[in-house]
There are 2 protein chains.
Amino acid sequence: MLNHFCKKPLWEVSQKLVAVAGGRAAADTVIRGGKLVNVCTAEILEGQDVAISEGRIALVGDASACIGEGTEVIDAAGAYIAPGFLDGHIHIESSMLSVGEYAKAVIPHGTIGIYPDPHEICNVLGLDGVRCMIDDAGRTPLKTMFVTPSCVPAVPGFEDTGSHIGPEDIKETMQWDEIVGLGEMMNFPGILAGTDHAHQIVGETLKADKVVTGHYSLPETDSGLNAYIAAGIRCCHESTRPEDVIAKMRLGMYAQIRMGSAWQDLPVIARAITERDVDTRFACLISDDTHPNTLVSKGHLDYILTEAVKAGIDPITAIQMVTINTAQCYRMDQELGSIIPGKCADIVLLEDLEHFRVLRTLIDGDTVAKDGAMTTELAPYTYPDWARHSIHLKDAITPDTFKVPAPAGADRVRIRAIEVIPARVGDTEVFATLAVKDGQLESDTDQDLLKTFVLERHHETGTMGVGFVKGFGIKNGAMASTVAHDAHNLLVVGTNDADMALAANTLVECGGGMVAVQDGKVLGCAALPIAGLMNDEPVADMAADVAVLEEAWKTIGCTMPSPFMTMALIPLACLPELRLTNRGLVDCRTFSFVPLVVDDAE
Amino acid sequence: MLNHFCKKPLWEVSQKLVAVAGGRAAADTVIRGGKLVNVCTAEILEGQDVAISEGRIALVGDASACIGEGTEVIDAAGAYIAPGFLDGHIHIESSMLSVGEYAKAVIPHGTIGIYPDPHEICNVLGLDGVRCMIDDAGRTPLKTMFVTPSCVPAVPGFEDTGSHIGPEDIKETMQWDEIVGLGEMMNFPGILAGTDHAHQIVGETLKADKVVTGHYSLPETDSGLNAYIAAGIRCCHESTRPEDVIAKMRLGMYAQIRMGSAWQDLPVIARAITERDVDTRFACLISDDTHPNTLVSKGHLDYILTEAVKAGIDPITAIQMVTINTAQCYRMDQELGSIIPGKCADIVLLEDLEHFRVLRTLIDGDTVAKDGAMTTELAPYTYPDWARHSIHLKDAITPDTFKVPAPAGADRVRIRAIEVIPARVGDTEVFATLAVKDGQLESDTDQDLLKTFVLERHHETGTMGVGFVKGFGIKNGAMASTVAHDAHNLLVVGTNDADMALAANTLVECGGGMVAVQDGKVLGCAALPIAGLMNDEPVADMAADVAVLEEAWKTIGCTMPSPFMTMALIPLACLPELRLTNRGLVDCRTFSFVPLVVDDAE
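Cut-offs used in this document
- For every chain, the first residue of the written sequence is number 1, and numbering continues from 1 onward in sequence order.
- Chain letters start at A and ligand numbers start at 1, both assigned in the order the entries are written.
- Restriction of local features to residues with pLDDT of at least 70 applies here, the model being predicted, together with a cutoff of 80 or more for giving and counting side-chain atom pairs; totals for whole chains, interfaces and linings are based on all residues.
- Only hydrogens and water are set aside when side-chain values are computed; all heavy atoms of the structure are taken into account.
- Only runs of H or I of at least four residues qualify as helices and only runs of E of at least two qualify as strands under DSSP, and these elements are numbered from the N terminus.
- Radius of gyration here uses only the C-alpha atoms, and the compact-globule reference equals 2.2 Å multiplied by the residue count raised to the power 0.38.
- Three labels apply to residues, based on accessible area from a 1.4 Å probe with only protein chains included: buried if under 20% of the type maximum, exposed if over 50%, partly exposed otherwise in between.
- Between two residues, a contact is recorded if the distance between any of their heavy atoms is within 4.5 Å.
- As used throughout, the charge tally considers Lys and Arg to be positive and Asp and Glu to be negative, leaving His and the chain termini uncounted.
- By convention, the charge on Lys lies at NZ, on Arg at CZ, on Asp at CG and on Glu at CD.
- To superpose the copies, least squares is applied to the C-alpha atoms of every residue with a pLDDT of at least 70 in both.
- Strand pairing is assigned whenever DSSP detects at least two bridges linking the two strands.
- Where helices are involved, their axes are fitted lines through C-alpha atoms of the stretch in contact, as for all axes, and angles between N-to-C directions lie from 0 to 180°.
- Once two parts are put together, the accessible area they lose, assessed with a 1.4 Å probe and summed over both, is termed the buried area.
- Salt bridges are defined as contacts in which a side-chain nitrogen from Lys or Arg sits within 4 Å of a carboxyl oxygen from Asp or Glu.
- In protein, a polar contact requires one atom able to donate a hydrogen and another able to accept it; more generally it is a pair of N or O atoms within 3.5 Å, and residues adjacent in sequence count only if both atoms are side-chain atoms.
- Throughout, the ten residues Ala, Val, Leu, Ile, Met, Phe, Trp, Tyr, Cys and Pro are labelled nonpolar, Asp, Glu, Lys and Arg are labelled charged, and all others, Gly among them, are labelled polar.
- Pairing of aromatic side chains requires ring centres within 6.5 Å, counting the rings of Phe and Tyr and the six-membered ring of Trp. Pairs whose planes differ by under 30 degrees are stacked, by over 60 edge-to-face, and all others tilted.
- Each ring is checked for a lysine NZ or an arginine CZ that lies within 6 Å of its centre and within 35 degrees of its normal; such an atom marks a charge sitting over the ring.

Student: Explain the overall build of chain A to me, please; I cannot follow it from the model alone.
Tutor: Each helix and strand in chain A was counted, giving 17 helices and 29 strands. At 25 Å, chain A has a C-alpha radius of gyration in line with the 25 Å of a compact globule built from 602 residues. Expressed as a percentage of its 602 residues, the buried residues of chain A come to 68%. Summarising the internal contacts of chain A: among those between residues at least 6 apart in sequence, 70% fall at separations of at least 24. On chain A, the mean spot of the 46 positive side-chain charges and the mean spot of the 83 negative ones are 3 Å from each other.

In structure tokens form, the structure reads like this:
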């Protein structure tokens, strides 16, 4: 598709570029004497210059003749010159940051472009919310190439969201210049069953000649994966086993190897590549979800590259996986992803190919970050008021809201529960027996079984789902969040009803966010007033809020590292195995509602 | 860009494909138990099936469940299953065949798609001629993905053609579904000089989001090649040295390695790949110009693959170079070039990966050739009358037409001459001294210097260029051709004026073609009445005509193998070094007219 993410289209500047390459006009900028990471041939070439004009590359090689009076010369002696990094699948909302603040957080780490799927805000605020993020992105140099969320709600019929997206919305948004494709098609059951709705959503994207991104999380790589790919879906980031990765690559699907804050598939699934001598053009590295602490303490794609190399992937291959491969996945390689004449001058200078320390980031030929800091200011952007007040509950929340009556006459009840697994997106269904107290089912910290509620917060329906979760280890207290994929209803987990009510009400007051409370006191709170998902604070402040929150979680007994991303997936009914939405418990293997209390017959 | 070269667009059949992959509907065809050449990962996978429905691939792997009552099952035991072959740069006119006959000639050799640049017919008949070829292609299963000729005339100001193409023509044709890009931009001097005309022609293609193909024949890979690529040109087939190939690949230009009938760069330039451990995704194999004898005796891309393997290229890599790499070059890999679900079922079965014997060719799921023969009939197509009468000379041709008066008073004259080199597109400028006879310059067979004329034949201007050529070795007789790149004026070479006149007039009578005469007798003639370039005879008949002609050439003394393709380049002023057009001798290093007779001062 045409690239709208550039300073000027090539046809407006081709004559200028030719003049610069030919030494008849001075380059705006020349990077001199670096070690070029050539992602086209997978070679390192020593002593290379790059001449830049009008935001594009005019020449690679010896640029002596391109240097004139006004040319900025950047000495790259000792450094590597690589294409700027592209993240092929990312939800900005997971960083809790506005697009502007996210851009400021990742550009110094070498990221020049991202393909965000804004399905979190879309679930809350619909396409109006997406439009806000696009406007927010407009003030940044980061190439923010949005895909339209495909699955709002994530699993229709199983949850209530703030909005819904149909084929007509896809058709409309595919005409937007800022939209380059379709967001992750999580409704693989709909695709596999051949529903009109799912296939029309994909079809409208294909008709617009844009790219359909995927989400296929079944541990099945035969007829199901074939069918899913046959529907026109080009990439998938849901591989958790090496065999998933190689199966996708063999079927010509871009296998996006994930290294997010919470789900870190890379070290395991990299074996698909490192243990085989295969062409890796269909492999990419992506982050999916990164929380602010990771951005501050580890970085973004520079960190993922480091981990890839640690996992045994060749450094040049790894760089291809965040540059040319990603650009080819999105069929934008004619403009992005390599340092070749005519392309956008999106370039990083790296100190090394082990830690990938980024010395400088250029986007469209401009130095936008240097030595870890932005070198350019962004214009302000304020989200509209309606986007900042998105919690709409039917009833006031009190401790009584969280009562769970046991079946009449029972003194012990067998229930199904959700067991969460640290750093993995999958959970498992487990069974347990609870003693009934005063006719109620209560959290049982001895068994690490905690009451969990999902309260609808968009349309004041008053619906709520009730379940139990195992794995957080909380001994006393509660946590709540309006980040609760993908409907982002109000999620509350706790050991007692009073703390659960306090946690929920704290979020109602601040417009959403994440909170941990104990014994009637708020121990930590990260306010996320934009759609209950994001804040427009800088990443360092956001990370500090989250750090307090993490301490608070430890205080209440939670033993899991970064529990909030794991917790936030409790309602995501497109992932295995058992999930809880505002409509109830969902068995995600059969896509059916199941009761909390298990019949003896079961 | 959207793929118009399929049975049905994916969005119309995705539900059906999913049903077939899921075993809920029967495939139309299943290929069973072959060795899959996986071009995505560059692996051979044993025991693979391919299920096909609605002209597309539904499943790759185990297709047992896809076989129903109406399913055709093709046993591939022992055979390789590979994607059908794509030729990324080809001039159909060089085969002397109509598109229909060309398709019948190449499909049994595994070719499923070609990217023809119809610039020969366009030089003679303009876009109306191109439209005829598109209509001719419409009756064939061969995916004939045309590019609009970019350089008509090839080198403006240096020759007269039947037509000319400007930016407005490019803009118009880029809206045609059958046009996927711009034909070879031979006007690299215009690109490098930054002329509006050349850049606008490229620019209109880029604006339409289509692919610009190249032709950069300078032995220079620094600022010139950079400038040329910076203008937006994506591929080039004019590499004659390994260093040209690797330079282009490093600069992200698809290096199309040529193995045509007359110019066979592959054995030499393959070293760019075989002597380096590089990523080969930017390398392709193409034929450019193939004459009918080659198609009959050797084949098409199957032959080129064989030669590639002989040259040391790994067979899977070689197959990538005529499948996925070519599709990626044209940004059509979402539809073509690999055997993966959802893609067009364009498949070949191969006996081996050494001689690449093609057992069967499927296009859009239909078997169109088997064991070397077409299995499908084509509808007839007749070129219109105006396309079959394209020779328009001002004056009748007589032996006097070919007189070359010497400078007054001279008895010996120093001249410049064109020396042709067998099997290479380049020629060299040489100097020689001729004795004057009766005030005239004559052919001198002792020095192998032959009089050569190019007579304008499109607009009855009566212009003609005169020169001498060395290298054909003709001892007695003449040869003439209306295939004379790219203007396709009437080219005549000979030892005496009477035979030259007979040769020329023979072609005038039959509407064009190629002829050899001696002592007043026509020894061989291949009539090419369509635009003076093509015939609608089958390839075997055409090859037989050419075989007679080749014998005739030998009879008149020509020592060069397949001299007519070398001869036909004599007027092509975009190739080095010295060329002859209807306007005169052109020095192609300086792009200036030069006189036949050399000053002593020179």
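Student: Looking at this model, I keep getting lost on the relation of the copies chain B and chain A. Mind explaining?
Tutor: A rotation about an axis combined with a shift along that same axis relates the two copies of the chain. The two copies are related by a screw motion: chain B maps onto chain A through a turn of 180 degrees and a shift of 0.0 Å along the axis, at an RMSD of 0.0 Å. Taken together, the rotation angle and the small translation identify this as a two-fold axis. By residue overlap, the copies meet face to face through one surface: 100% of the interface positions of chain B are interface positions in chain A.

Student: What am I meant to see in the sheet that holds strand S27 (residues 578-581) of chain A here?
Tutor: The strands making up a sheet are joined through hydrogen bonds of the backbone, oriented either antiparallel or parallel. All names here are of chain A. Sheet architecture is open: 3 strands sit in the order S27-S28-S29, paired in antiparallel fashion. The outermost strands of the open sheet, each flanked by one partner alone, are S27 and strand S29 (592-594). Mean inter-strand twist for the sheet, computed between neighbouring axes without regard to direction, equals 45 degrees. Across 4 bridges, S27 lies against strand S28 (residues 584-587) in antiparallel orientation. For leucine 578, the partnering residue across the bridge sits in S28 and is aspartate 587.

Student: So what exactly am I meant to see when it comes to unusual backbone geometry here?
Tutor: The phi angle of most residues is negative, glycine excepted, and most peptide bonds adopt the trans form. The omega angle of the peptide bond from Val152(B) to Pro153(B) is 0 degrees, so this bond is cis rather than trans. Inspection of the secondary structure assignment puts Pro153(B) in the loop between strand S9 (146-148) and helix H4 (167-173). Backbone torsion omega between His485(B) and Asp486(B) reads -20 degrees, so that peptide bond is classified as cis. When you line up the elements, Asp486(B) lands in the loop between strand S23 (478-481) and strand S24 (490-494). If you check the backbone angles, Arg331(A) has positive phi at about 50 degrees while not being a glycine.

Student: Which parts of the structure should I look at to understand the sheet that holds strand S20 (residues 427-435) of chain B?
Tutor: All names here are of chain B. Here we have 8 strands laid out as an open sheet, ordered S20-S19-S22-S21-S24-S23-S25-S26, and mixed in their pairing. Where the open sheet ends on each side, the last strands, each with one partner, are S20 and strand S26 (521-527). Within the sheet, the average angular offset between the axes of one strand and its neighbour, ignoring direction, is 25 degrees. As defined by bridge partners, S23 adjoins S24 across 4 bridges and the pair is classed as antiparallel. Within S24, the position partnered with alanine 478 by the bridge is glycine 494. Of the strands in this sheet, S23, strand S25 (513-518) and S26 are in contact with helix H16 (residues 539-555), which crosses S26 at around 145 degrees.

Student: I'm lost on the interface of chain B and chain A in this one. Help?
Tutor: For interface size, the figure often reported is the accessible area lost on association. Across the contact, 60 residues belong to chain B and 60 residues belong to chain A. A buried area of about 5,000 Å², summed over both sides, lies between chain B and chain A, and 55% of it is on carbon and sulfur atoms. Together, Trp11(B), Arg250(B) and Arg281(B) form the three largest contributors to the area buried by chain B at its contact with chain A, with a combined 13%. At the junction of chain B with chain A, the criterion picks out 4 salt bridges. Here Arg250(A) makes a salt bridge to Glu43(B), at a shortest N to O gap of 2.8 Å. Run the count over chain B and chain A and you get 28 residue pairs in polar contact (both at pLDDT 80 or more). Mapped by element, the contributors of at least two residues to the side of chain B that touches chain A are helix H1 (10-21), strand S2 (43-53), strand S3 (56-61), helix H5 (188-193), helix H6 (196-207), helix H7 (223-230), helix H8 (242-250) and helix H14 (324-329) of chain B. Here the side of chain B that touches chain A is built from residues that sort into 31 nonpolar, 17 polar and 12 charged.

Student: It is not clear to me how the packing of aromatic side chains should be interpreted in this structure. Could you clarify?
Tutor: What characterises a pair of aromatic rings is the spacing of the ring centres plus the angle enclosed by the ring planes. Applying the stated criterion across every chain, the model contains 18 aromatic pairs over all chains. A ring pair is formed by Trp553(B) and Phe564(B), whose centres lie 5.4 Å apart and whose planes are at 20 degrees; its orientation type is stacked. Here the residue Trp553(B) occupies a position in helix H16, and Phe564(B) occupies one in helix H17 (residues 563-568), the gap between them amounting to 11 residues. Classification of Phe564(B) by relative accessible area gives buried; the value is 5%. Three or more aromatic residues joined by ring pairs make a cluster, and in this case those are Phe158(A), Phe591(A) and Phe593(A). Directly above the ring of Tyr80(A) sits Lys35(A), whose terminal nitrogen or CZ lies 4.3 Å from the centroid.

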